[in-house]
Amino acid sequence: MPTPAEVRAQLTDILVTVVECTPDQVRDDARLEDLGVDSLAAVEVADELGRRFGIHLEDATVDTLETVDDAVRAVVEHRPAGRRGRRGPAVAVTLGAEGRERAPGERSLAGRADALWRLAMWFVVAGLVIGGGLGFAGATVVRATGLGGVELPPISGPTAPATPSSSPSASPSPTPSETQEPEEKPTFSVESDRIAAGQRFTISGRFPSLGEGQLLQVQSRDPGADWEDFPVSLQTREGGRFQTQIYTSRPGEREFRVFHEDSDTASPSAKVTIG
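About the criteria used
- Residues numbered from 1 in each chain as written.
- Predicted model: local features only at pLDDT ≥ 70, side-chain atom pairs only at ≥ 80, totals over all residues.
- Heavy atoms only, no water.
- Helix = DSSP H or I, 4+ residues; strand = E, 2+ residues; numbered from the N terminus.
- Buried < 20%, exposed > 50% of the residue type's maximum accessible area, 1.4 Å probe, protein only.
- Patch = residues over 30% accessible without salt bridge, like charges linked within 9 Å, V, L, I, M, F, W, Y side chains within 5 Å.
- Areas by Shrake-Rupley, 256 points an atom, 1.4 Å probe, with all protein chains shown as cover.
- Salt bridge = Lys/Arg side-chain N within 4 Å of Asp/Glu carboxyl O.
- Lys, Arg positive; Asp, Glu negative; His and termini not counted.
- Charge placed at Lys NZ, Arg CZ, Asp CG, Glu CD.
- Pairing = 2+ DSSP bridges.
- Axes fitted to C-alpha atoms, helices over the stretch in contact; angles between N-to-C directions.

Engineer: Would you take a moment to explain the environment of G213 for this structure?
Structural biologist: Note that G213 resides in the loop between β5 (201-206) and β6 (215-221). By relative accessible area, which is 8% here, G213 ends up buried. Distance in space between the C-alpha atoms of G213 and R237 is 6.1 Å, their sequence separation being 24 residues.

Quick look at the structure:
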């Protein structure tokens, strides 16, 4: 369980980033509303606190937070609710030969195909061994009985050539990989590609491979720079859908995306010009 001092230090860092207040303004008796925390910013602050301390603050708890001390005590005295936490059960995925994630059902099909292939090869090897043994035994009997030196009359050929019957060629059966539907890829979009400094804008999209309740981290980068965590995280909804609002006062062109740490998977990105 974190100490009040640890929570207060992290909360100060989050508030300075989200609402751009000064660290000396973050006092225990300071009202969050006076610091510039509206209902939307309160959700962002609660999500970031939950990400840093590995907890989930319920919406009902977030609605009751009035002061900095309320937020600190909400984390220190946190008790898990009787529902699934912010991180759902891990989704087991592997990578196929083409480099995409392979779902559990695909792995089971591949396993059955591999087992059938090994069984077929076993039958081929067994047939060769048995056939070779019978051929060797037959040749030994022929040599022992002298049947190999008997001259037999030539067999007369048929009076008319037999016409081969035509049979339709069987079309090859599709392999399991050919019958599988292509996996949907993550999507990501922004409300507009040009936003005024400090104006909130909506980001949304979908992670089809994820279930409900998976944690996504918003990331951003400047032209020519590496990706870095933006101080906002969110959870997936039913069907892997996600949506939230963010804002920044830094002018210039920036690129945004969301990242799922458990599967090391990122969504496509979108560029936004600020200012």
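Now that the structure has been shown, the text picks up again.
Engineer: I'm lost on a negative patch on the surface in this one. Help?
Structural biologist: Taken together, the side chains of D226, E228, D229, E261 and D264 present a region of like negative charge at the surface. Its location among the elements puts D226 in the loop between β6 and β7 (228-235).

Engineer: What exactly am I supposed to notice about the sheet that holds strand β3 (residues 187-190) here?
Structural biologist: The strands making up a sheet associate through hydrogen bonds between their backbones, and the pairing can be parallel or antiparallel. One open sheet holds the three strands; their spatial order is β3-β5-β8, and the pairing between them is antiparallel. Only two strands of the sheet have a single partner each, and these edge strands are β3 and β8 (241-246). This sheet shows a mean twist of 15° between the axes of neighbouring strands, independent of strand direction. Pairing of β3 with β5 involves four bridges; the strand directions are antiparallel. Among the inter-strand pairings, V190 is bridged to a residue of β5, identified as I203.

Engineer: Even after reading the chapter, I still don't get the pattern of salt bridges, so can you show me in this structure?
Structural biologist: It is possible for side chains of opposite charge to pair when their charged atoms get near one another. For the coordinates displayed, the defined rule picks out 15 salt bridges. Here R200 and D38 are joined by a salt bridge, their closest N and O atoms 3.4 Å apart. Linking R200 in the loop between β4 (194-195) and β5 with D38 in the loop between α1 (4-18) and α2 (39-53), this pair joins segments that are 162 residues apart in sequence. Take R200: its relative accessible area is 22%, and that puts it in the partly exposed class. The residue E48 makes a salt bridge to R51 at a minimum N-O spacing of 2.8 Å. With a gap of three residues between them, E48 and R51 both fall in helix α2, about one helical turn apart.

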